[in-house]
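Working through the structure, step by step
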Amino acid sequence: MKHLIDIMDLSIEELDEMIDVAKDIIADPEKYAHKCAGKKLATLFFEPSTRTRLSFEAAMYELGGNVLGFSEAQSSSAAKGESVSDTIRTVGCYADIIAMRHPKEGAPIAGTRRSTVPVINAGDGGHNHPTQTLTDLLTISREKGRLDHLTIGLCGDLKFGRTVHSLINAMSRYTGNRFVLISPEELKIPEYLRYETLIKKEQDFVETGDLEGAMPELDILYMTRVQRERFFNEQDYLRLKDSYILTPDKLEYAKEDLSILHPLPRVNEISVAVDDDPRARYFEQVRNGKYIRMALILKLLKEAGTIN
Ligand code: CP
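Residues numbered from 1 in each chain as written. Predicted model: local features only at pLDDT ≥ 70, side-chain atom pairs only at ≥ 80, totals over all residues. Heavy atoms only, no water.

Take the nonpolar core next. Within the largest apolar cluster, 54 residues are counted, with the highest numbers of intra-cluster contacts made by L134, L154, I168, M171 and I297. With 9 residues, helix α10 (residues 282-303) is the largest single contributor of residues to this core. If we ignore the near neighbours within four places in the chain, the residues touching I297 are C36, L41, F56, A59, M60, L63 and I97. With 20 residues, the next largest nonpolar core counts I182, A214, M223 and L251 among its residues. (Core = buried A, V, L, I, M, F, W, Y, C linked by side-chain atoms within 4.5 Å. Buried < 20%, exposed > 50% of the residue type's maximum accessible area, 1.4 Å probe, protein only. Helix = DSSP H or I, 4+ residues; strand = E, 2+ residues; numbered from the N terminus. Contact = heavy atoms within 4.5 Å.)

As a further point, take unusual backbone geometry. The peptide bond linking L264 to P265 adopts the cis configuration, its omega dihedral lying at 5°. The topology assignment puts P265 in the loop between β9 (259-261) and α10. With a phi close to 55°, E202 is a non-glycine residue in the positive phi region. Structurally, E202 can be placed in the loop between α7 (191-199) and β7 (204-208). Within the chain, L264 stands out as a residue other than glycine whose phi angle is a positive 60°. Turning to its location among the elements, L264 is positioned in the loop between β9 and α10. Look at L264 and you get buried, because its relative accessible area is 11%.

Alternating positions in strand β8 (residues 220-223) separate into two faces, I220 and Y222 on one and L221 and M223 on the other, with burial throughout. With 4 bridges connecting them, strand β5 (residues 151-155) and β8 associate as parallel partners. In the sheet register, I152 faces β8, and the bridge partner there is I220. With 3 bridges connecting them, β8 and β9 associate as parallel partners. The residue of β9 that forms the bridge with I220 is S259. (Pairing = 2+ DSSP bridges.)

Position of E269 among the secondary structure elements: in the loop between β9 and α10. For the buried residue E269, which engages in no salt bridge, the nearest side chain bearing the opposite charge is R225, 5.7 Å off. Within the structure, E269 has its side chain in polar contact with the side chain of H262 (distance 2.7 Å). For E269, the contacting residues outside a window of four places in its chain are M223, T224, R225, Y244, I245, L246 and H262. (Lys, Arg positive; Asp, Glu negative; His and termini not counted. Salt bridge = Lys/Arg side-chain N within 4 Å of Asp/Glu carboxyl O. Polar contact = N/O pair within 3.5 Å; in protein donor to acceptor, adjacent residues only side chain to side chain.)

Glancing now at a negative patch on the surface. A surface patch of like charges, here negative, comprises D210, E212, D249 and E252. When you line up the elements, D249 lands in the loop between α9 (234-240) and β9. (Patch = residues over 30% accessible without salt bridge, like charges linked within 9 Å, V, L, I, M, F, W, Y side chains within 5 Å. Areas by Shrake-Rupley, 256 points an atom, 1.4 Å probe, with all protein chains shown as cover. Charge placed at Lys NZ, Arg CZ, Asp CG, Glu CD.)

Written out as structure tokens, the structure reads:
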């Protein structure tokens, strides 16, 4: 049974194939409108979400399938103490594929052990968010026409931002990319990521606190929210939350063809005045999330032998 827990579960060939399928869905949605007729996706969200859950649900509807699930742990039997493993095994009796989000790192992988249907990690704590990374890859590919030889600035909470961790892992597999890691000292990327992905694999990267200084060389600027829910105390969050606020004046020395991305939700880190700049691509990124999740559902259901 093929699951998606970590972006590294997919080979480069599989990533490229899914991006191609997503682009084909965008070009000809009618061709895919009945591919999942009679099939069901369960969305099990133990943590809040707008984009991920609703784009999964929209994706399944646009494939002709149906959706069931819950959007908070308190409305499921998790509130009575049921384990993730038992929940997944139970839901596998009702649905053909499961997308789950959980606040605990590793919960989705625990859920896969006894699962009879494919499980997709829709975000586990501060760890991974592989379907956001698929969304980001499709967006970068559509914006830039390639996934290699790009200078990517990642700015904000690089410590707790799970989308950042997955994106660095994914983009480090394509040749010639350079990472500019922009954060306060306390919110730098975790040591394991710096060592295992960047140093050991001889990636081109630099760490800085200076967003404006980095701006002129960037092809992509990936802004992130400071992850309040992962902080151990409120004072640290309040001190760090406004470390970077992207405003139009900060874009003065940016490239004409810069793409500004953000996994969203944003709080304060991109001024709404930036939304009108043609380089602001984060709402297009939101739209891409549905198409790549359609491609993922098709892939996993095909591999499970559930659809042709
Ligand atoms: N990008 C993202 O995961 O958004 P949601 O938390 O709204 O799903």
